[in-house]
Amino acid sequence: MKIAMIAGTALAFSQAASAEEADLEKGAKVFKKCQACHTLEEGASNKIGPNLYGMFSRGVAAKEDFRYSDAMTEKAGEIGSWNEENLAEYLENPRKYVPGTNMAFAGLRKESDRTNLIAYLKQETGAAE
Ligand code: HEC
């Protein structure tokens, strides 16, 4: 039992290095700050912001039925796709990382909030499979 748990944990860590300290339950709580504007489930509607299912594989600003700001579209040309590093930077201070973004969100100042949330997002948007 214990050995199986350790093996499972090691596998999860190798998939996402920074998941080492991630707490998915805490990440779910942090997501409450996002859910007024974003859904996560496959096929769910866009709200004020785009549905985020598949966000780690589809590329930045790539949801076809959502109108992104010019700023986000330009950022897409620069960074291509979301990963743990650039997403953490965006979520820490959206308007600093993407000046002109339509995302009216002040930012997550705590690194642990960002780490937990990103692990949760990966799990919920199909990236962790
Ligand atoms: C007030 C509404 C609002 C809140 C709150 C909000 N967002 Fe957003 N989000 C948006 C909008 C609008 C966009 C599109 C931005 C643009 O085009 O500049 C966006 C874009 C994004 C993108 C880029 C999506 C893509 O397809 O490239 C991600 C990732 C994201 N938000 C994650 C989050 C997370 C995680 C939170 C919570 C910490 C959050 N957002 C909070 C409205 C919001």
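If you check an unreviewed UniProt entry, the chain appears there as Cytochrome c class I from Tepidicaulis marinus.

### Digging into the layout of surface pockets
The space that makes up the largest pocket amounts to roughly 580 Å³. Along its surface, the largest pocket is lined by 30 residues, and His38, Gly49, Pro50, Tyr90 and Met103 are the ones closest to its centre. Where the lining of the largest pocket is concerned, the elements lending two or more residues are helix H4 (84-92) and helix H6 (111-124). Among the elements that take part in the lining of the largest pocket, H4 stands out by supplying 3 residues, more than any other.

### So, helix H3 (residues 70-79)
Here H3 has its buried residues at Ala71, Met72, Lys75 and Ala76. The buried residues of H3 occupy an angular sector of 145 degrees when the element is viewed end-on, so they sit on one face. Along H3, exposed side chains directed more than 90 degrees from the buried face belong to Asp70, Glu74 and Gly77. Among the structural elements, H4 and helix H5 (94-97) are those in contact with the buried residues of H3. A positive phi of about 75 degrees marks Gly80, the residue just after H3.

### Notes on unusual backbone geometry
Here Ala61, not a glycine, exhibits a phi torsion of approximately 55 degrees, which is positive. By secondary structure assignment, the location of Ala61 is in the loop between helix H2 (24-31) and H3.

### Considering the pattern of salt bridges
Across all of its chains, the model carries 4 salt bridges by this definition. Where Arg114 meets Glu92, a salt bridge forms, and the shortest distance between an N and an O atom there is 3.9 Å. Here Arg114 is found in helix H6, whereas its partner Glu92 is found in helix H4, with 22 residues between them in sequence. A relative accessible area of 10% means that Arg114 is categorised as buried. Residue Glu92 is classed as partly exposed on the basis of its relative accessible area of 32%.

Reading the values: rules and limits
Residues numbered from 1 in each chain as written. Predicted model: local features only at pLDDT ≥ 70, side-chain atom pairs only at ≥ 80, totals over all residues. Heavy atoms only, no water. 1 Å grid on protein atoms, 1.4 Å probe; cavity = no way out; pocket = protein on both sides within 12 Å on 5 of 7 lines; lining within 4 Å. Points joined across faces, edges and corners; volume = space filled by probe spheres on them. Helix = DSSP H or I, 4+ residues; strand = E, 2+ residues; numbered from the N terminus. Buried < 20%, exposed > 50% of the residue type's maximum accessible area, 1.4 Å probe, protein only. Arc of directions from axis to C-beta. Contact = heavy atoms within 4.5 Å. Salt bridge = Lys/Arg side-chain N within 4 Å of Asp/Glu carboxyl O.

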